[in-house]
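Spelled out from the first residue to the last, the chains are:
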Amino acid sequence: MDTVISWQSPWLLSMNAPDPEAKDIVRNYLNILASQGFPVEEQGLWFQTGATAIAVHQPYRPVSSASLTKMATTLAALETWPITHRFETLFGHTGTLENGVINGDLVVQWTGDPYFVWEEAIVLGNALNQLGVQKVTGNLVILGEFSMNFEPDSYRSGELFIQAIDSGLWSNDAGYAYSQLSSETPQPSLTIEGEVTVSAPNSVTVSQWLIRHQSLPLVPLLKAMNIYSNNEMAEQFAVAAGGIDTVMAKAAERTGVPIAEIRLINGSGLGVDNRLSPRAVVAILLEIQRQLRTHNLSISDVMPVFGQDEGTLVFRELPNKAALKTGTLNTVSSLAGYFPTRDRGPVWFSIQNWGGDLELLRAQQDALLLALQQHWGQAPPPETFQPKVIMGEWPYQLGDSDRNTAL
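Below you will find a few notes about this structure. Because the structure is predicted, anything quoted here is derived from the model rather than measured.

Let us look at the nonpolar core. Phe237, Ile262, Ile288 and Ile299 are the most contacted members of the largest nonpolar core, which has 55 residues in total. Of all elements in the fold, only helix H2 (69–80), helix H6 (218–227), helix H7 (231–240), helix H8 (244–255), helix H9 (278–293) and strand E16 (332–341) reach the threshold of two or more residues within this core. With nine residues, the single largest contributor to this core is H9. Beyond its immediate stretch of four places on either side in the chain, Phe237 contacts Thr73, Ala77, Trp81, Phe87, Pro114, Leu218, Leu221, Leu222 and Met225. Formed by 34 residues, the second largest nonpolar core is a distinct cluster that contains Leu128, Val136, Phe161 and Ala164.

See below:
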């Protein structure tokens, strides 16, 4: 069931039959939290099946959402780029290339690839070696900005790149990343004698562009961001999509939820001032699902799936094959997504808790979802919710040499 609520038509919420027993399960959950000293007024809940809000608590109040904020960033990304969009990074040189030596600078032009990591750089170093490049007498020149290994500082990212393309400089982290690549992958050997410099775009005359590196497509990039709740990736996506005001505006426009229920300060969720109402969270999830369905994909292709993707879901006890996003700050534990049931189909929900004992809150969240799933009956996900994007498997694996094209 892929029904999307029109929030301007609240009568739709009464289309499906109410469920008093489900309400009792949720009420018991809140009573348990209250008995443990958690203020009930600080807890936000929304459970929905089809077009019906089955059980809610503080549904319209924006409360700290932590990394559920990344769902708004995910929606903004899907609104900004096609699902097949790839971020490109160009590598070229100034001066001349003779006998394996660039007598000049190696130039990098980056356009926002948020998942340019060790594996990508190592294989790219091999690609440069295959073009005959063994040494650069000048500098590594970054045009504008560049980020590697989620490092926001362009200079530091450049230093990491120099290290990645010369196996003689590898750190333990670089060596471990190499061990995750195919056993047939060579170790690159490309020496840059100069240093890292950052110049304005279009300020350097490039003699020749050598390689175009393409990122993974947009959907697996979003999946990687959400599996590990990567704050740096989320921030890069939010900035590239137009900034946090644009992220909020896109979320409000696409869901119909009032902007007053979508109050964000960044794209990652870091900080208690990132606030979403439970209704807004579920509406964002449903809109993501609606957009992905037109491409034969689902929410499971941009969110962690329990029992398949570890990441932030490790050590949890949750409905199998549910697509779920966690959020954690010092005093915030949140969980949202969908889980499959026999009687009600996909159940969409958001749980946003405030309190000091995060382990207890997580345990109670897990127990609540399992109790509701037992009430409605366990079931495998509908075919349309089966994930198509499996991170780490071709074509969604890091270090894929097919994404480096000689120019």
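Spatially, the five strands line up as an open sheet ordered E2-E1-E17-E16-E15, and their pairing is antiparallel. Two strands bound the open sheet, and with one partner strand each, they are strand E2 (52–57) and strand E15 (323–329). Ignoring strand direction, the axes of neighbouring strands in this sheet form an average angle of 10 degrees. Where E16 and strand E17 (residues 345–354) come together, 10 bridges link them in antiparallel fashion. Of the residues in E17, the one forming a bridge with Ser333 is Asn353.

Below, the discussion takes up the pairing of strand E7 (residues 106–110). The element E7 is largely enclosed, with a buried count of four among its five residues. Both strand E4 (residues 88–93) and E7 contribute to a ladder of five bridges, which runs antiparallel. Paired with His93 across the strands is Leu106, a residue of E7. Both E7 and strand E9 (residues 140–143) contribute to a ladder of four bridges, which runs parallel. Residue pairing for E9: Val107 is matched across the bridge by Val141.

An order of E5-E6-E8-E10 is seen for the four strands of this open sheet, with the pairing classed as mixed. On the outer flanks of this sheet lie strand E5 (96–98) and strand E10 (191–192), each paired with one strand and no other. As judged from the three bridges shared by E5 and strand E6 (residues 101–103), these two strands associate in the antiparallel manner. Bridged to Thr96 within E6 is Asn103.

The next point concerns the pattern of salt bridges. One pass over the structure, following the stated rule, counts 15 salt bridges. Between Glu88 and Arg212 there is a salt bridge, with its nearest N and O atoms 3.3 Å apart. Of this pair, Glu88 sits in strand E4 while Arg212 sits in strand E12 (residues 208–214), placing them 124 residues apart in sequence. Put simply, Lys135 and Glu193 hold a salt bridge, and the shortest N to O gap is 3.6 Å. In this pair, Lys135 sits in strand E8 (residues 135–136) while Glu193 sits in the loop between E10 and strand E11 (196–199), placing the two residues 58 residues apart along the sequence. On the accessibility criterion, Lys135 (31% relative accessible area) is partly exposed. Several salt bridges share partner residues, and in doing so they unite Glu79, Arg254, Glu287 and Arg290 into one network.

A few words on the environment of Tyr338. Checked against the element boundaries, Tyr338 lands in strand E16. Remark: the alpha-carbon pair of Tyr338 and Trp348, spanning 10 residues in sequence, is separated by 4.4 Å. With residues near it in sequence (within four places) discarded, Tyr338 still touches Ile299, Ser300, Lys321, Ala322, Ala323, Leu324, Pro346, Val347, Trp348, Phe349, Pro381 and Phe385.

Counting buried positions over the six residues of strand E1 (residues 44–49) gives six, a clear majority of the element. Taken together, the six bridges between E1 and E17 define a ladder with antiparallel strand orientation. The partner of Trp46 across the bridge, within E17, is Ser350. Bridge count between E1 and E2: five bridges; the pairing is antiparallel.

A word on the layout of surface pockets. Taken as a whole, the largest pocket spans an internal volume of roughly 950 Å³. Around the largest pocket, the lining comprises 36 residues; the ones closest to its centre are Glu119, Gln180, Leu181, Gln397 and Leu398. At the level of secondary structure, the elements contributing two or more residues to the lining of the largest pocket comprise helix H3 (118–130), helix H5 (172–179) and H6. Of all the elements, H3 adds the most residues to the lining of the largest pocket, at six residues. Looking at side-chain class alone, the lining of the largest pocket contains 18 nonpolar, 13 polar and five charged residues. In this structure, the second largest pocket encloses a volume near 250 Å³. Around the second largest pocket, the lining comprises 13 residues; the ones closest to its centre are Trp110, Glu145, Ser147, Gln236 and Val239.

Taken together, the buried positions of H7 are Met233, Ala234, Gln236, Phe237 and Ala238. One side-chain oxygen at the N-terminal end of H7 lies 3.1 Å from the backbone nitrogen of Glu232; it belongs to Asn230. Within two residues after H7, Gly242 carries a phi angle of roughly 125 degrees, on the positive side.

As a further point, take the packing of H2 against H9. Where H2 contacts H9, the two axes come as close as 9 Å, and the packing angle between them is 30 degrees. In terms of orientation, H2 lies roughly parallel with respect to H9. Once H2 is placed against H9, the crossing between them reads as left-handed. Counted together, Met71, Ala72, Thr74, Leu75, Leu78 and Glu79 of H2 and Ile284, Leu285, Glu287, Ile288, Gln291 and Leu292 of H9 form the full contact between these two elements. Among the residues forming the contact of H2 with H9, the class breakdown is eight nonpolar, two polar and two charged.

How each quantity is defined
- Residues numbered from 1 in each chain as written.
- Predicted model: local features only at pLDDT ≥ 70, side-chain atom pairs only at ≥ 80, totals over all residues.
- Heavy atoms only, no water.
- Core = buried A, V, L, I, M, F, W, Y, C linked by side-chain atoms within 4.5 Å.
- Buried < 20%, exposed > 50% of the residue type's maximum accessible area, 1.4 Å probe, protein only.
- Helix = DSSP H or I, 4+ residues; strand = E, 2+ residues; numbered from the N terminus.
- Contact = heavy atoms within 4.5 Å.
- Pairing = 2+ DSSP bridges.
- Axes fitted to C-alpha atoms, helices over the stretch in contact; angles between N-to-C directions.
- Salt bridge = Lys/Arg side-chain N within 4 Å of Asp/Glu carboxyl O.
- 1 Å grid on protein atoms, 1.4 Å probe; cavity = no way out; pocket = protein on both sides within 12 Å on 5 of 7 lines; lining within 4 Å.
- Points joined across faces, edges and corners; volume = space filled by probe spheres on them.
- Nonpolar A, V, L, I, M, F, W, Y, C, P; charged D, E, K, R; others polar.
- Polar contact = N/O pair within 3.5 Å; in protein donor to acceptor, adjacent residues only side chain to side chain.
- Parallel < 35°, antiparallel > 145°, perpendicular 65-115°, else oblique.
- Left-handed = near helix turned anticlockwise from the far one by under 90°.

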